[in-house]
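# Fold and geometry: a report
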Amino acid sequence: MNPQAKLIFIISLFLGTTITISSNHWVMAWTGLEINTLAILPLISKSHHPRAVEAATKYFLVQATASTLVLFSSMTNAWYTGQWDITQLTHSTSSLILTAAISMKLGLAPFHFWFPEVLQGSPLTTGLLLSTVMKFPPITLLFMTSQSLNPSLLTILAILSVAMGGWMGLNQTQTRKIMAFSSIAHLGWMTIILIYYPKLTLLNFYLYAMMTAAVFLTLNSMKVLKLSTLMTAWAKAPSLSTILLLTLLSLAGLPPLTGFLPKWLIIQELTKQDMAPAAMIISLLSLLGLFFYLRLAYCATITLPPHTTNHMKQWHTNKPINPSIAVLTTLSIMLLPISPMLATLV
């Protein structure tokens, strides 16, 4: 892709995100979402491979439908209340339609089927943008309308997302699809706490984005797209494989790594809100996700590949590690001790 065109698309991406997160009017928020969608499409389909074009088409259709529902929801609310302000979403039908629209944009179950397919058809760097930057505007809209949303509906969507993200990720062999199901499961954790402690949703999103960025950048450096490639990567890049192991365990939410912090705070808050059964269900379902993270981690650190598979021996490379990977990995595994400070920030 032409570097100038790429720069324009990336600037448009961040412009659309900024417009949505800083707007008070529904039409401005919708405009930002549309700019975002149009800017990411060329980045998804830049390889011109049929799979990439298919992914871009699926992404466009789903996002266009969700944007239409956002506009319809805000217009219905304005019709009944005379308010175009995002925080004044008081009409019950409008809030239900908005919840469905944002769930579709984010890839929350049961509107999640498009996300793994789109991620599988995209390059790893675009997959990183789809999993982090593109989720931020819809999460912000949920944050701003959180007092108007239906708690029972959000809890059901959250538990469904964690269950589907765990179950459907179990038998995957493609790293991008595994990361897609991981994203769906994490969104479930963010959604369940949204009504009761919205700032905790944002904290969870920031930490998730940081850990996911570390995983995607590491996979991109190792040029790993499937598990069979990952199993022979130790000889080529042992340091990157070790980094991947630690970041994956952090994404799984194991103490004493950073990923444990949001899960711990969310379970604590749910228990305070007399939602211990929901906390217990979501914690048990997250064990499904833990299984495939451990599977990935095992494949990343296997030092002697099985002799039954034919593979090329790869040369050990002394290429220096990207500084951004080093910084993100350090943050992904070492933020738990300063959790009291992070808790005061939210």
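Residues numbered from 1 in each chain as written. Predicted model: local features only at pLDDT ≥ 70, side-chain atom pairs only at ≥ 80, totals over all residues. Heavy atoms only, no water.

This part covers the domain arrangement of the protein chain. Under the domain assignment, the protein chain is made up of domain 1 (1-147) and domain 2 (150-345). Between the C-alpha centres of domain 1 and domain 2 there is a distance of 23 Å. Contacts between the two partners involve 30 residues from domain 1, matched on the other side by 36 residues from domain 2. Regarding the contact of domain 1 and domain 2, the summed buried area is about 2,900 Å², with carbon and sulfur atoms giving 79% of it. When residues of domain 1 are sorted by the area they lose upon contact with domain 2, Gln 120, Leu 124 and Phe 143 head the list and together hold 23% of the total. (Domains from an automatic or database assignment. Contact = heavy atoms within 4.5 Å. Buried area = accessible area lost by both parts, 1.4 Å probe.)

Moving on to the nonpolar core. Grouped together as the largest cluster of nonpolar side chains are 101 residues, with contacts concentrated most on Ile 40, Tyr 59, Leu 130 and Leu 230. Per element, the largest residue contribution to this core is 14 residues, and it comes from helix H10 (residues 198-222). Each of domain 1 (1-147) and domain 2 (150-345) gives at least three residues to this core. With residues up to four places along the chain from it excluded, the contact list for Ile 40 reads Leu 13, Tyr 59, Thr 126, Leu 129, Leu 130 and Met 134. (Core = buried A, V, L, I, M, F, W, Y, C linked by side-chain atoms within 4.5 Å. Buried < 20%, exposed > 50% of the residue type's maximum accessible area, 1.4 Å probe, protein only. Helix = DSSP H or I, 4+ residues; strand = E, 2+ residues; numbered from the N terminus.)

Quick look at the UniProt feature "domain: NADH:quinone oxidoreductase/Mrp antiporter transmembrane" (unreviewed entry) in the protein chain now. Listed under "domain: NADH:quinone oxidoreductase/Mrp antiporter transmembrane" (unreviewed entry) in the UniProt record, and renumbered for this structure, are residues 23-288. Counted over residues 23-288, helix gives 74% and strand 0%. Its end C-alpha atoms are 38 Å apart. (UniProt positions renumbered as here; feature names shortened; annotations may be inferred.)

Our next topic: the packing of helix H6 (residues 124-131) against H10. One way to put it is that H6 packs onto H10 with a least axis distance of 9 Å and a crossing angle of 175°. Considering their axes alone, H6 and H10 lie roughly antiparallel with respect to each other. Contact with H6, carried on its side by Leu 124, Thr 125, Gly 127, Leu 128 and Ser 131, involves Tyr 208, Thr 212, Ala 213, Phe 216, Leu 217, Leu 219 and Asn 220 of H10 and no other residues of that element. Looking at the contact of H6 with H10 residue by residue, the class counts come to seven nonpolar, five polar and no charged. (Axes fitted to C-alpha atoms, helices over the stretch in contact; angles between N-to-C directions. Parallel < 35°, antiparallel > 145°, perpendicular 65-115°, else oblique. Nonpolar A, V, L, I, M, F, W, Y, C, P; charged D, E, K, R; others polar.)

On to empty space enclosed by the protein. Here the structure, examined in full by the defined rule, presents four cavities of 30 Å³ or more. Counted as a void, the largest cavity has a volume near 90 Å³. As for the largest cavity, its lining consists of 14 residues, and the residues nearest its centre are Ala 185, Lys 263, Ser 286, Gly 289 and Tyr 293. For the lining of the largest cavity, the secondary-structure elements that each account for two or more residues are helix H8 (151-169), helix H9 (175-192), helix H12 (238-252) and helix H14 (276-301). In terms of residue count, the dominant contributor to the lining of the largest cavity is H14 (six residues). Residues of the lining of the largest cavity, tallied by class, amount to nine nonpolar, four polar and one charged. Quantified by volume, the second largest cavity comes out at close to 60 Å³. What lines the second largest cavity is simply Leu 33, Asn 36, Thr 37, Tyr 59, Gln 63, Lys 105, Met 134 and Pro 138. Contributing elements (two or more residues each) for the lining of the second largest cavity: helix H2 (26-44) and helix H3 (50-81). (1 Å grid on protein atoms, 1.4 Å probe; cavity = no way out; pocket = protein on both sides within 12 Å on 5 of 7 lines; lining within 4 Å. Points joined across faces, edges and corners; volume = space filled by probe spheres on them.)

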